[in-house]
Each structure stands twice: as structure tokens, then as C-alpha cells.
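Fold and contact review
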Amino acid sequence: MKVLIRKDYEEMSKTAAQIVASLVRKKPNCVLGLATGSTPVGMYKELIRMHKEEHLDFSSVITFNLDEYYGLPPTHPESYRYFMNENLFNHINIKPENTHVPDGTVPMEDIEEYCRNYEKMIKDAGGIDLQVLGIGGDGHIAFNEPGSSLASRTRLIALDEQTRIDNSRFFDSLDEVPRAAITMGVGTILEARTCLLLANGERKAEVVAKAIEGPITNQITASALQLHPNTIVVLDEGAASKLARKDYYLYAERMWKELGGSIV
Ligand code: PGA
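Here is a short report on the structure shown in this document. Numbering of residues starts from 1 in every chain and runs along the sequence as written. Local features in a predicted model are, by the rule used here, given only for residues with pLDDT of at least 70; side-chain atom pairs are given and counted only at 80 or more, and totals for whole chains, interfaces and linings are based on all residues. Only hydrogens and water are set aside when side-chain values are computed; all heavy atoms of the structure are taken into account.

1. A closer look at the overall build of the protein
The cut-off we apply is this: For the purposes of this entry, the term helix denotes a DSSP run of H or I that reaches at least four residues, the term strand denotes a run of E that reaches at least two, and both are numbered from the N terminus. Atoms considered for the radius of gyration are the C-alpha atoms alone. The globule rule reads 2.2 Å times the number of residues to the power 0.38. In what follows, residue pairs with any heavy atoms lying within 4.5 Å of each other are defined as contacts. Areas reported as accessible are Shrake-Rupley estimates using a 1.4 Å probe. Residue values count occlusion only from the protein chains shown. In this tally, Asp and Glu contribute negative charge and Lys and Arg positive charge; neither His nor the terminal groups of the chain are included. Taken as the charge location is NZ of Lys, CZ of Arg, CG of Asp or CD of Glu.
Across its full length, the protein holds nine helices and ten strands. For 264 residues, the compact-globule estimate of 2.2 N^0.38 gives 18 Å, and the protein sits close to it at 17 Å. The principal-axis extents of the C-alpha atoms in the protein amount to approximately 55 × 40 × 35 Å. Sequence separation of 24 or more characterises 78% of the internal contacts of the protein that already satisfy a separation of 6 or more. Total accessible area on the protein stands at roughly 11,800 Å², and carbon and sulfur atoms take up 52% of it. Of the side chains in the protein, 29 bear a positive and 37 a negative charge, and the two mean positions are spaced by 6 Å.

This is the structure in C-alpha cells:
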């Protein structure tokens, strides 16, 4: 794991956007795995700026999102499809048909086949080159709640109460937060060539330390990234504040730069 620590949310977002942009420039038809939530919003803003001011070209990029609330149609303002359109897709030159967000309206009896097909579409596109990830208060990546198999695949999952409470800030009441979601599995995520985990704020410090430095456990599904050969973690000072090896990570990035290494 490469752990990069930035002074604040803005710097975290810029570093993350630079990592994504450098891949898009190197491989214009790359496959990006994308995430929703508060964490990546700044990164998306920076990517939009790069598109408008620096001609960052998304015309051949393909995207797959991690998850979607089950039961919310794409037109619902809290659906993740709506979020992606509003926060990124509507502002860059990506082809709508190249963007994929799981469909939260698939009938229950078709879910298994739908999820298998989502995985097949990822494979047919050549696999995910770079998967952007946030981390939940309960340590989840995508909606892989504590207890998820570290080999899990795309599936329907019941949302943890903690997740529903965390996300209720976007809804009028806790009751309106969906109780289930379609999510890529931990095993699906681990197949991405590079994973890019972002976290900001002291609120995340404890769970970030557990994910990066604690034991690999299905109780903190983000800890499975320790098994991934190429994961980059970008944190702000707050989210990094409980890392035991913080000084080492700062030193390692300095050394890496001095040696002329590039992050991606
Ligand atoms: P957040 O959510 O970015 O809104 O904190 C992260 C997550 O639940 O994965």
C-alpha cells in the first residue's frame, strides 16, 4: 500500500484527481470504477475542472460504479445514478452509454442474473483499471458490510444500521433510507488493477487505522485491500491522525519522489 497524507480535503481531492487523470491520459479508453458519497465529491470537481480547463478527455473512458440503493429509481435524487450524473457525468464528455451504475429497480427474482451480468460486463470491458473507493464508518468498501465474505461478488446486501444512520443525512428521515443495496463484492474490487482509497476527517481516523494497520478481517472489509498488490490510499491529516506508522508513510513518499518514482 502506498499511503499519501495531505493537509486537507482539497489537497486530498487534488492528489486523487491527478492519479485518475494521469491514467486517463495514459490510457484514454481505461475502465474506471467509481464511488459515491461525500468523500469523492472534491475529486470529481477537480476532474471536471481538468476537463474544462486542461482538455482532459473522457470520450473513450468506461465507468462502473460500485453500488446502488435497492428500490431507488435512477431519477431519485438520492440514487447513486443521479449522484453520478450530477457530480460528474453531466459535466464531462463521457458517453452516457459508457457509464454503468447498478440498477436499483431490478425485480427481486432477476437480481442474481443481473449481478452476474454486471460482473460479466466488467470482464468484457477488460476489467477495472482503477477503482475509486471511500470507506464507511463501519469499515465497508462499497456496501460490503461487516461480515461480508472477502471473496464476495456483486450481489444484493442488507445495509447495516450504522450505514443507514450515516447516510440518513441525505434523506428526510432514517425511515426513508433504503434497507438494501446492490454492491460489487470485495472479491470484485480486489480484481481491479489499482485501488484508490480516499478518506477525510477525524471521524474516519479510527476505522482508517484499522483498515490499513489492523488485522485483515471481514469485520472491516476495507482491510482486504492489504491483500491487493497495488492500492494507493490518499488521506487528509484528520483521517491519518490515528495511524501508528504515519511518519513512515510521509518519509516513504518523500523517498519515493527523491528516487524519481511516480505514484501511478
Ligand atoms: P462518505 O461514505 O464518503 O459519505 O463518508 C463513504 C462510504 O460509505 O463508503
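Still more ground to cover, so stick around.
2. Quick word on the sheet that holds strand S4 (residues 67-69)
Note: strands within a sheet are paired through backbone hydrogen bonds, in either parallel or antiparallel orientation. Threshold: The pairing criterion for strands is at least two bridges between them, as found by DSSP. Here an axis means a line fitted to C-alpha atoms, over the contact stretch when the element is a helix, while the angle between two N-to-C directions is reported on a 0 to 180 degree scale.
The three strands lie next to each other as S4-S8-S7, forming an open sheet whose pairing is antiparallel. Each having just a single partner strand, S4 and strand S7 (155-158) make up the two edges of the open sheet. Mean inter-strand twist for the sheet, computed between neighbouring axes without regard to direction, equals 25°. Alignment of S4 against strand S8 (residues 180-183), held across three bridges, turns out to be antiparallel. Each bridged residue has a counterpart across the sheet, and for Asp67 the counterpart in S8 is Thr183.

3. So, the site of the ligand
Just so we agree on the cut-off: Distances are taken per atom, and a residue is near a molecule or strand as soon as one of its heavy atoms is within 4 Å of it. Between N or O atoms, a polar contact is any pair within 3.5 Å; within protein, one atom must be a potential hydrogen donor and the other a potential acceptor, and residues adjacent in sequence are included only when both atoms are from side chains. As a working rule, the residues Ala, Val, Leu, Ile, Met, Phe, Trp, Tyr, Cys and Pro are called nonpolar, Asp, Glu, Lys and Arg charged, and the rest polar, with Gly in that last group.
Close to the ligand lie Gly37, Ser38, Thr39, Gly134, Ile135, Gly136, His140, Arg169, Arg203 and Lys204. Ser38 is positioned with one of its backbone polar atoms (N or O) 2.9 Å from an oxygen atom of the ligand. Thr39 is positioned with one of its side-chain polar atoms (N or O) 2.4 Å from an oxygen atom of the ligand. When grouped by side-chain class, the residues that make up the shell around the ligand number one nonpolar, six polar and three charged.

4. Quick word on the sheet that holds strand S6 (residues 130-133)
Pairing is parallel across the open sheet formed by seven strands, whose spatial order is S1-S10-S9-S6-S2-S3-S5. Since the sheet does not close on itself, it has two edges, and those belong to strand S1 (2-6) and strand S5 (99-100), each with one partner. When strand S2 (residues 31-34) meets S6, the two strands line up parallel, connected through two bridges. Residue pairing for S6: Gly33 is matched across the bridge by Gln131.

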